[in-house]
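Descriptive analysis of the structure
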Amino acid sequence: MASTPDLDRLLTLAREHGAAVRLLGDPAQLQAVGAGGVLRLLDAHVGAAHLEDVHRFSNPAEATASLALREGDVRALGFYIDNARTLGGTRDAMLEEIYDAWWNDAAQGKAAVMIAATNADVVALSTRARLDKIAAGEVETDGTPLHDDTLAGIGDTVVTRLNDRRLKTERGTDFVKNGDLWTVVERHDNGALRLRHVQHQGFVTVPAEYVAENVELGYASTIHRAQGMTTDTAHLLVGAGATREQLYTGLTRGRHDNRAYVVTDELLDVDLHAQPGPAGATRAALESV
């Protein structure tokens, strides 16, 4: 997810030093916040090599559905609807449903994430999660200030937002990456955090400067920030303005379970003469996306 100006600067630098650049990504996912679309342009007009096998999902049927979702094929929705992976209703109801489902997953020790389109929803969900974990005695009350204006204490789940190969973990075989989820195990007086990776359990200490600029609470995420994540389960809020790229990205973060919570009154035409029932409204809203 790099912007066109950033790629231009990278290619200029590579030419100056005689280096080759190979671009890797998925043009069907979200583009850069700035001017983007380079991967899609190259794929359409120059050609590219394509990976054919999907390895993320534990259920082969979900892997197949994800590819159809990627192409905008509405038949992909059948998998999610038939397997009770979708709910529809008002925004307040869906925010409650997404939070309850995430809390139940987290209570079972699963790596789970709530995904929403806006920073306001994300911060509200993450802050609620942290307060409930404090009340449950799972997280300390005090914390270190983070990039999203929240706090992280011992026991909190956080996400790193910038690749840094200098920050080695897992005995030097891995490094801190964008989208990695971690548990805070120690806080230092200077603002640095000692973290344990949620998946491979490797440890790393990230300096205060990195924490202040590139670490956020990891209970909830915007769709753009979630693009680099892999979790056990993912819970996506689908509301007004949702796009196919957002739906595809948000419903492909979890290995074992991905669910959509659809704000139907924001996505359906309120002037319809005959409004569909709850199940029909959810399907119609997802088809419109």
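Anyway, here's the lowdown on the structure attached to this text. (Residues numbered from 1 in each chain as written. Predicted model: local features only at pLDDT ≥ 70, side-chain atom pairs only at ≥ 80, totals over all residues. Heavy atoms only, no water.)

Details of the overall build of the chain
Regarding its fold elements, the chain presents eleven helices and 14 strands. Taking 289 residues into account, the globule formula puts the C-alpha radius of gyration at 19 Å, and the chain, at 20 Å, falls close to it. Its C-alpha atoms give the chain principal-axis dimensions of about 60 × 55 × 35 Å. Looking at the 289 residues of the chain, the share that counts as buried comes to 43%. Residue pairs at least 24 apart in sequence account for 61% of intrachain contacts in the chain once pairs closer than 6 positions are excluded. Accessible surface, the chain as shown: approximately 15,000 Å² in total, 52% of it carbon and sulfur. Charge-centre separation for the chain: the mean point of 28 positive side chains lies 6 Å from the mean point of 41 negative side chains. (Helix = DSSP H or I, 4+ residues; strand = E, 2+ residues; numbered from the N terminus. Rg over C-alpha atoms; globule rule 2.2 N^0.38 Å. Buried < 20%, exposed > 50% of the residue type's maximum accessible area, 1.4 Å probe, protein only. Contact = heavy atoms within 4.5 Å. Areas by Shrake-Rupley, 256 points an atom, 1.4 Å probe, with all protein chains shown as cover. Lys, Arg positive; Asp, Glu negative; His and termini not counted. Charge placed at Lys NZ, Arg CZ, Asp CG, Glu CD.)

Quick word on the sheet that holds strand 5 (residues 157-160)
What the five strands build is an open sheet, ordered 10-9-8-5-11; its pairing is antiparallel. Every other strand in the sheet has two partners, leaving strand 10 (203-206) and strand 11 (215-217) as the edge strands with one partner each. Sheet twist, expressed as the mean angle between neighbouring strand axes with direction ignored, is 45 degrees. Sheet analysis places strand 9 (residues 193-197) next to strand 10, joined by four bridges and oriented antiparallel. The partner of Arg196 across the bridge, within strand 10, is Phe203. (Pairing = 2+ DSSP bridges. Axes fitted to C-alpha atoms, helices over the stretch in contact; angles between N-to-C directions.)

Topic: the sheet that holds strand 13 (residues 231-238)
The strand order across the open sheet formed by five strands is 1-14-13-2-12, and the pairing between neighbours is parallel. Sheet topology places strand 1 (86-89) and strand 12 (220-222) at the edges, where each strand pairs with a single neighbour. Geometrically, the sheet is characterised by an average inter-axis angle of 20 degrees between neighbouring strands, direction not taken into account. Set on the sheet, helix 6 (residues 119-135) makes contact with strand 2 (112-116), strand 12 and strand 13; between it and strand 12 the angle comes to about 170 degrees.

Points about a nonpolar patch on the surface
Taken together, the side chains of Leu23, Leu42 and Val46 make up a nonpolar region of the molecular surface, amounting to roughly 260 Å² of accessible area. Structurally, Val46 can be placed in the loop between helix 2 (38-45) and helix 3 (60-70). Residue classification places Val46 among the exposed positions, given a relative accessible area of 65%. (Patch = residues over 30% accessible without salt bridge, like charges linked within 9 Å, V, L, I, M, F, W, Y side chains within 5 Å. Salt bridge = Lys/Arg side-chain N within 4 Å of Asp/Glu carboxyl O.)

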